[in-house]
Amino acid sequence: ERLGVPGPRATPTSDGERVYALGATGVLSAVALDTGKLVWQTNILQDRGMTNLTYGMSGAPLVIAGKVIVHTSGLNGPGVVAYSATTGTVVWEGPPRQQGYASVSALSLLGTTHLVNLAGTELVGLDPATGNELWTFEWDTWNGLSCAQPLRVNDHQLFVSTGYSKGAALVELTEVDGQITARAVWTGM
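Here we summarise the structure given alongside this text.

Cut-offs and rules
Residues numbered from 1 in each chain as written. Predicted model: local features only at pLDDT ≥ 70, side-chain atom pairs only at ≥ 80, totals over all residues. Heavy atoms only, no water. Phe/Tyr/Trp six-rings, centres within 6.5 Å; stacked < 30°, edge-to-face > 60°. Helix = DSSP H or I, 4+ residues; strand = E, 2+ residues; numbered from the N terminus. Buried < 20%, exposed > 50% of the residue type's maximum accessible area, 1.4 Å probe, protein only. Lys NZ or Arg CZ within 6 Å of the ring centre and 35° of its normal. Salt bridge = Lys/Arg side-chain N within 4 Å of Asp/Glu carboxyl O. Contact = heavy atoms within 4.5 Å. Pairing = 2+ DSSP bridges. Axes fitted to C-alpha atoms, helices over the stretch in contact; angles between N-to-C directions.

### Here we look at the packing of aromatic side chains
Tallied over the full model, the rule gives five aromatic pairs. Ring geometry for Tyr20 and Trp40: centres 6.2 Å apart, planes at 45 degrees, overall tilted. Taken together, the residues Tyr20 in strand E2 (residues 18-22) and Trp40 in strand E4 (residues 38-43) connect sequence positions 20 residues apart. Residue classification places Trp40 among the buried residues on the basis of a relative accessible area of 7%. Here the aromatic cluster, defined as three or more aromatic residues joined through ring pairs, consists of Tyr20, Trp40 and Tyr83. Between the NZ or CZ atom of Lys166 and the centre of the ring of Trp139, over which it lies, the distance is 4.5 Å.

Rendered as C-alpha cells:
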C-alpha cells in the first residue's frame, strides 16, 4: 500500500487467549497470547476477490461472543465479516457496502447490543449474532473517508463526526413494531 507498511494501522485486540490484528493489506491474524505462535490467518480481501481501500485496512478487530468482527473494503463484497475467534472460519457476512476507516464497535442501544459500523456513506447498525442490518443513517462523506468512531450518547442516541468539511450529527434511533429508524436530531459543522 502506497502510504505505509502492511502491518496493523489500528490497535490489535485480545480476548485473553489470543491477540487479533488486521494489517493494511487485509491480513487478519490470530496469535496465541502466551507463546506468540500463529493460531490462524486469513486475508479478508483476497478471500472474496475484493480490492483494498485507497489507504488500506485500518480498523481494530472487535472480539465479542466468540467472534472476531472486522470491516472489509466492501468493494464488491460484504462490508463486515465475523470470524470464529478460535478457528478463523467465517460465521457470517454482512451486506455489501463500501467501507470507511473506523473500527466496528459494539454499543448498547435500545436495550440490546448493536454493532455500529461507520461505512463510507452510511452509519449502520448490525445484529452481532447474524450480521443482519438493523438500521441505517445516511452519512455521505468526501471520498468515503469516515475515520472517527461513532460515540454512544445514551440508549437511543449516537454522535457521529467526519472531517473533510462534513461535520457532525446527533443521531436518534426509534423502534416501532420491531422496525428501527435513525434520524438526525441536529447536524452541523
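### Regarding the pattern of salt bridges
Going through the model one piece at a time under the given rule, you end up with six salt bridges. With a shortest N-O distance of 2.8 Å, Glu93 and Arg48 are connected by a salt bridge. Here Arg48 lies in the loop between E4 and strand E5 (62-64) and Glu93 lies in strand E8 (residues 90-93), a separation of 45 residues in the sequence. For Glu93, a relative accessible area of 40% corresponds to the partly exposed category. Between Arg97 and Glu133 there is a salt bridge, and its shortest N-O distance comes to 2.6 Å. On the criterion of sequence distance, the pair formed by Arg97 in the loop between E8 and strand E9 (105-109) and Glu133 in strand E12 (residues 133-138) is long-range, its members being 36 residues apart. By relative accessible area, which is 39% here, Glu133 ends up partly exposed.

### A few points about the environment of Gly74
Mapped onto the fold, Gly74 is located in the loop between strand E6 (67-71) and strand E7 (80-84). In this structure Gly74 comes out as buried when scored by relative accessible area, which is 8%. Contacts of Gly74, omitting those with residues within four sequence positions, involve Met50, Gly79, Arg97, Gln98 and Gln99.

### What to know about the sheet that holds E9
Taken in spatial order, the four strands of this open sheet run E9-E10-E11-E12, and their pairing is antiparallel. Each having just a single partner strand, E9 and E12 make up the two edges of the open sheet. Here the average twist between neighbouring strands, direction ignored, is 30 degrees.

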